[in-house]
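Spelled out, the chains give:
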Amino acid sequence: MTSVNINRATASSLDPRAMKATSIKTTADPSSEQEPAALHITATSSNPRMFTLPWERPLATWPRDLLANLPRGISRHVVRFVHVGDDVYAMKEITQRVAEREYELLRKLQKLELPTVNPIAVVTGRHTREGEPLEAMLVTQHLKFSLPYRALFARNLRPDTAERLIDALAVLLVRLHLAGFYWGDVSLSNVLFLRDADAFSAFLVDAETGDLHPSLTDGQREYDIDLARTNIIGELMDLDSGNLLAGEVDEVGVGNRLVDRYHSLWSALTDVDSFDPDEMWKIERRVNRLNDLGFDVDELEMKTEENGNRVLVRPRVVDAGYASRKLLRLTGLDVQENQARRLLNDLDAYRASTWRQGEDLEIVATDWMREVFEPTVRMIPPEYRSQIEPAQFFHEVLTHRWLMAEKAGHDVPMAEAVQSYISESLPEYRLDSEDMKTINEEADAGVVDDEMNWQGAHAQAGQGKQVTRDQTDKDANGHEVKGHDAANTRATEQTDVGGQTGAGTQKDRDRAGEEVPSQPVFEDTNGGRSSLRSVYAPGSLDAAADQDDQDDAVWASS
Amino acid sequence: MAEVVFDHVTRIYPGNDEPSVSDLSLDIKDGEFLVLVGPSGCGKSTTLRMLAGLEEVNKGRIMIGDKDVTTMQPKDRDIAMVFQNYALYPHMTVADNMGFALKIAGTPKDEIRQRVEKAAEVLDLTEYLDRKPKALSGGQRQRVAMGRAIVRQPKVFLMDEPLSNLDAKLRVQTRTQIAALQRQLNVTTLYVTHDQTEALTMGDRIAVIKLGVLQQVGAPTELYDRPENVFVAGFIGSPSMNINIHPVANGQAKIGEDTISLPREAVDKLTPEDQGRIVVGFRPEDASLAGADEPEAFSLKVANVEDLGSDGYIYGNILTDNSVAEQAIVMSDQNKLTTIRVNPRDLPRVGDVVKIHIDPAKMHLFSPASELRLN
């Protein structure tokens, strides 16, 4: 057999980028690891506020004023979103070994440019003021604009939402498997979703059980797929039990869809094609099809059969992101794949409509940014700036404009489309506070590894220390109200001894039809509004200030 | 339920020359709790993953019951990986949380209920079956997660360092729970850990593995009392065994100025490769303080003492005259100090030189060349 093997990389070694990802190196032998005696932070960020956090307290008891009220997914560990300067970090309390291992793995996956949350730090050697050791903490950056699947279902979404989430998960799983990542715990709960034009993009958030290999065995891939199927069906059955799932969704069918989508994508990406030597043009068709799926082809491995009658071709696919890399190169915009495709299409349309086909695309792209894209996204109302990505906004406006034009029978100016979109469609981006509360309470209901909660178990009836915990929660609820409406809280504190009124008040408010933004990152629970701008402004200060005003407007009506 | 057999199984990772698991032959009896224990990189997880179907087998075969599963897909093997990162579903009752996988598999409703009730009984969750996870404590939630694996009634449970993501306090509780549960359920179990204490306290039998090669398989007491080689001797037991190499003269081990008689049958087994030396091992509890002029005792300079109330520990250096031939080569850990357990009321002072007598019946003797047991 003659062999034209272009691929020189040996399959046996890990990607060098992954090898040098971090200074943290966990061994397979936990006994060789020593818990540091004093607080130890290994971080990718130089944010000095990391040191000012109350590491000496169990995460479940951190003061509410540090926490960002964002929807949490189901986890067996205690997880909280914490304001650290301008950033929001997700903190997870786990053992040192698991924390270090996951940090190391996430760093490697980041270096391989895979869609995962960004690891920020691993914090070990935590102790209470009394000197009792506390579990280590893994810190990751909160993925802006992302939502856990439960929050997506809490909104009125299109009936095919479940299927679109599954498609995103299938792409993620294929990308991870191509890179040699065995997940060991695939589920909707372990990913975050970002809107990506009309689809979703999935990001891995939990790598606890994962492993990076030079390449995966079929057994590893099949195990991941089978587990994913079981978990997805379970998660949908759970939504169904909570009446959160549209009646017509067939849970098992959706689970099976993942298996099908995965297999068809995997074979599209990895199957060996067989051509006649005079059909070599078909190679290009295969490559184009892979680009359409969003994947880049790095190398082609070509072999001829011994008799020379057929050519066998296997593409070596590196990763998704074909369109988004092209857009990044042209415009500097870093967006999801489908969004990028939509934006590139609009750029093409702009080029055609301005009769500039002959000009360099790079130059046209600069003008398109200045004349089309930027003026449009500047119109995003401030209160939505933390909730919708500019590229997603642009995409949705384009869709909206198309629908308007179809209805009107003529073209609609961009500005008009934007105004119409903002008033008619954008409000769907809000998640009401009751939903948020439910989501986070549900998330708490699944936590297994919370020591306080555990010891309650050993007092049989769940009494003992758990009582303390409940009180903490109730206090916290009271605080939550305080953050929004100081006057109301004063009333609460005077009348409510049991601590339940806090929740009740919120509920009453929601019944009155009010909503809070889905990501009220600016929620302050210190009572004072003035502290908001200075301490908890995410992104730009202006956005925060505007957001703050909007919050006032919303709450003023109660 | 079924017996598991590894039949001359070898796994070589692509690109590696050395096998990660080499010619492993091991059987796990029907209903047995077998713990596979060894240090970092010894091949224990690879072994478990081969049984799970996650790693390919390069040579040999694996049987579950009378089925050859060597090339079978994981989901067809009828195994359950316990303690994956299970989270509970908040809207489902405890019963549904435990039984949903059976529902997916199309198991009839009556049978699901029956199996769930049986599992709940074992897990002490019967009265909670119709509640939601929210109403449960963390410990009960953990048991619901275990219930998920139990209701499937797999042929084999696989547990890969299941306690590693629990903190130290919960680890001890859960350890006891898992062991008790396995005995009640009687399901063949392969449990992988690096922790010899876990192995000793949980397993019916323990298999010690090092660098891909099986060292010894046996009941915990067998491994503790009669380690087959130096590695097992040093690995099993905490605090670990004192292991030193000493010169042999006239059927006696020379320890510094002192000599200790060795059993004839052991000395006879020494070969020229052993270069007139022998490995002497003894556990901290198998030695005692001796009088200053007592024979069959050696001198120890006390470096540290610990009084734990019930026990006292002496840590010290064996006195030698520092000649090369007589240098006692320490092979155990304990910061290279020799450890002796004594009555805490008899603890010497740091800096004292004391005489130590080893119980001759509890001495472990090995060949320095082959590292195999001699007595």
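Preceding block: the structure.
All chains use their own residue numbering, which begins from 1 and follows the written sequence. Starting at A for chains and at 1 for ligands, labels are handed out in the order in which the entities are written. At least 70 in pLDDT is required for a residue's local features to be given in this predicted model, at least 80 for side-chain atom pairs to be given and counted, and no such filter applies to totals for whole chains, interfaces and linings, which use all residues. Excluding hydrogens and water, the side-chain values take into account all heavy atoms of the structure.

Caption draft 1: Highlighting the sheet that holds strand β6 (residues 79-81) of chain B. All names here are of chain B. A pair of strands is labelled paired if DSSP reports no fewer than 2 bridges between them. The helix count covers DSSP runs of H or I at least four residues long, the strand count covers runs of E at least two residues long, and both are numbered beginning at the N terminus. The strand order across the open sheet formed by 6 strands is β6-β7-β8-β3-β9-β10, and the pairing between neighbours is mixed. The open sheet is flanked by β6 and β10 (213-218), the only strands paired with a single partner. Between one strand and the next, the sheet's axes are offset by a mean angle of 20 degrees, whatever the strand orientation. Whenever a helix is involved, its axis is fitted only over the stretch in contact; in every case the axis is a line through C-alpha atoms, and angles between N-to-C directions fall within 0 to 180 degrees.

Caption draft 2: Region of interest: the nonpolar core. Each nonpolar core is a collection of buried residues, namely Ala, Val, Leu, Ile, Met, Phe, Trp, Tyr and Cys, held together in the definition by side-chain atoms within 4.5 Å. Note on exposure labels: buried denotes an accessible area under 20% of the residue type's maximum, exposed denotes more than 50%, and partly exposed covers the range between, all computed with a 1.4 Å probe on protein chains only. Within the largest apolar cluster, 67 residues are counted, with the highest numbers of intra-cluster contacts made by A:Leu169, A:Phe181, A:Trp183, A:Leu188, A:Phe193, A:Leu204 and A:Ile232. Counting residues per element, this core draws most heavily on helix α4 (residues 161-178) of chain A, at 10 residues. Residue contacts follow a heavy-atom distance rule, with two residues in contact if any of their heavy atoms lie within 4.5 Å. Beyond its immediate sequence surroundings of up to four residues, A:Leu188 is in contact with A:Tyr149, A:Leu165, A:Ile166, A:Leu169, A:Phe193, A:Ile232, A:Glu235 and A:Leu236. Within the second largest apolar cluster, 45 residues are counted, among which are B:Leu102, B:Ile150, B:Met159 and B:Leu163.

Caption draft 3: Just the pattern of salt bridges, in detail. What counts as a salt bridge is simple: a side-chain nitrogen of Lys or Arg found within 4 Å of a carboxyl oxygen of Asp or Glu. Per the counting criterion, the structure on display carries 33 salt bridges over all chains. The partner of A:Arg257 in a salt bridge is A:Asp167, and the shortest N-O contact between them spans 2.9 Å. Residue A:Arg257 is found in helix α6 (residues 251-270), and its partner A:Asp167 is found in helix α4; the two are separated by 90 residues along the sequence. A salt bridge links A:Asp367 to A:Arg356; its shortest N-O distance comes to 2.5 Å. Taken together, the positions of A:Asp367 in helix α10 (residues 361-377) and A:Arg356 in the loop between α9 (337-353) and α10 put the pair 11 residues apart, joining distant regions of the chain. Connected through salt bridges with shared partners, the residues A:Arg101, A:Asp211, B:Arg11, B:Arg49 and B:Glu55 form a single ionic network.

Caption draft 4: Highlighting the interface of chain B and chain A. In this assembly, 48 residues from chain B lie in contact with 59 residues from chain A. Take the accessible area each of two parts loses on contact, using a 1.4 Å probe, and add the two losses: that sum is the buried area. Buried surface at the junction of chain B and chain A, summed over both partners, amounts to about 4,500 Å²; 57% is from carbon and sulfur atoms. The partner of B:Arg49 in a salt bridge is A:Asp211, and the shortest N-O contact between them spans 3.9 Å. The nonpolar class holds Ala, Val, Leu, Ile, Met, Phe, Trp, Tyr, Cys and Pro. Asp, Glu, Lys and Arg form the charged class, and all remaining residues, Gly among them, are polar. Classifying every residue of the side of chain B that touches chain A gives 18 nonpolar, 18 polar and 12 charged.

Caption draft 5: Inspection of unusual backbone geometry at higher detail. All names here are of chain B. In this structure, Pro239 follows Ser238 across a cis peptide bond, with omega equal to 0 degrees. Within the secondary structure layout, Pro239 lies in the loop between α8 (230-235) and β11 (242-249). A positive phi angle, near 60 degrees, is found at Asp78, a position not held by glycine. Positionally, Asp78 belongs in the loop between β5 (67-68) and β6. Since its relative accessible area comes to 29%, Asp78 is described here as partly exposed.

Caption draft 6: Molecular detail of the pairing of strand β4 (residues 87-94) of chain A. Residues and elements named next belong to chain A. β4 sits mainly inside the fold: 7 of its 8 residues count as buried. Two successive antiparallel strands, strand β3 (residues 79-84) and β4, enclose a turn made up of 2 residues, where Gly85 displays a positive phi of approximately 60 degrees. Across 6 bridges, the pairing between β4 and strand β6 (residues 136-141) is antiparallel. Across the sheet, residue Met91 finds its bridge partner in β6, namely Val139.

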